[in-house]
Amino acid sequence: RPLPAIYPPFACLLYPPALARVTMATLNVAPTPAEGEEMFAVAHIYASFNDTFVHVTDMSGRETYVRVTGGMKVKADRDEASHYAAMLAAQDVSERCKELGITALHIKLRGTGGNKSKSPGPGAQSALRALARAGMKIGRIEDVTPIPTDSTRRKSGRRGRRL
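Residues numbered from 1 in each chain as written. Predicted model: local features only at pLDDT ≥ 70, side-chain atom pairs only at ≥ 80, totals over all residues. Heavy atoms only, no water.

Caption draft 1: View of a positive patch on the surface. A surface patch of positive charge is lined by Lys116, Lys118, Arg154, Lys155 and Arg161. Tracing the chain through its elements places Arg154 in the segment after strand E5 (137-143). (Patch = residues over 30% accessible without salt bridge, like charges linked within 9 Å, V, L, I, M, F, W, Y side chains within 5 Å. Areas by Shrake-Rupley, 256 points an atom, 1.4 Å probe, with all protein chains shown as cover. Salt bridge = Lys/Arg side-chain N within 4 Å of Asp/Glu carboxyl O. Lys, Arg positive; Asp, Glu negative; His and termini not counted. Charge placed at Lys NZ, Arg CZ, Asp CG, Glu CD. Helix = DSSP H or I, 4+ residues; strand = E, 2+ residues; numbered from the N terminus.)

Caption draft 2: Representation of the packing of aromatic side chains. Applying the stated criterion across every chain yields a total of one aromatic pair. Ring centres 5.9 Å apart and planes at 40 degrees place the aromatic pair Tyr46 and Phe53 in the tilted group. What makes Phe53 partly exposed here is its relative accessible area of 30%. (Phe/Tyr/Trp six-rings, centres within 6.5 Å; stacked < 30°, edge-to-face > 60°. Buried < 20%, exposed > 50% of the residue type's maximum accessible area, 1.4 Å probe, protein only.)

Caption draft 3: Layout of unusual backbone geometry. Phi angles above zero are rare outside glycine, and Ser156 is one such case at about 90 degrees. One can find Ser156 in the segment after E5. For Ser156, a relative accessible area of 38% corresponds to the partly exposed category.

Caption draft 4: Region of the structure containing the layout of surface pockets. Roughly 230 Å³ of volume is contained in the largest pocket. What lines the largest pocket is simply Asn115, Lys116, Ser117, Arg154, Lys155, Ser156 and Arg161. Each residue belonging to the lining of the largest pocket can be placed in one class, and the counts come to no nonpolar, three polar and four charged. (1 Å grid on protein atoms, 1.4 Å probe; cavity = no way out; pocket = protein on both sides within 12 Å on 5 of 7 lines; lining within 4 Å. Points joined across faces, edges and corners; volume = space filled by probe spheres on them. Nonpolar A, V, L, I, M, F, W, Y, C, P; charged D, E, K, R; others polar.)

Caption draft 5: Geometry of the environment of Pro122. By the secondary structure assignment, Pro122 is in the loop between strand E4 (104-110) and helix H3 (123-133). The sequence separation of Pro122 and Ser48 amounts to 74 residues, and the corresponding C-alpha distance is 7.8 Å.

Caption draft 6: Examining the pattern of salt bridges more closely. Evaluation of the coordinates by the stated rule reveals three salt bridges. A salt bridge links Asp92 to Lys73; the nearest nitrogen and oxygen atoms lie 2.6 Å apart. On the criterion of sequence distance, the pair formed by Asp92 in helix H2 (residues 83-100) and Lys73 in the loop between strand E3 (64-69) and H2 is long-range, its members being 19 residues apart. Asp92 sits in the partly exposed class, given a relative accessible area of 32%. Take Lys73: its relative accessible area is 31%, and that puts it in the partly exposed class. Two residues, Glu99 and Arg96, come together in a salt bridge whose shortest N-O distance is 3.2 Å. Here the residue Glu99 and the residue Arg96 both occupy positions in helix H2, the gap between them amounting to three residues, near one helical turn. Looking at Glu99, the relative accessible area reads 57%, which means it is exposed. Under the relative-accessibility criterion, Arg96 is labelled partly exposed at 33%.

Structure below.
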């Protein structure tokens, strides 16, 4: 059976391997900016006391470009939230962003929030600092920790945690 002039995307499934000619194309995820313009994205940094996430999305937050956690960088569970793990995660993220053509980041910093601790964990400052040192330009920095207007009952009993 003769091959069509334009090969369909799944030609390898329609035709035997000898007849199918499949070419690999590179997929460009991020849009390309004009010359001399900054390409912005949003870095969502979630820093709890157990782990640190550095998650880069497009401006709408819908499309994920790269996500690295402290737990992906260190072996010991107790080190996942450390300054060092956050720094390594942020360096990986900035490297990938540069490959995609992203030159600047808006930062959304988040702690655990809710009826738990409102302050971000130890990795937040290190991650932000590592992104800046890796050559990423920093736009706006915003705290997006969820603050309840009224909440469910907090952990620990009526008289609180007694030490």
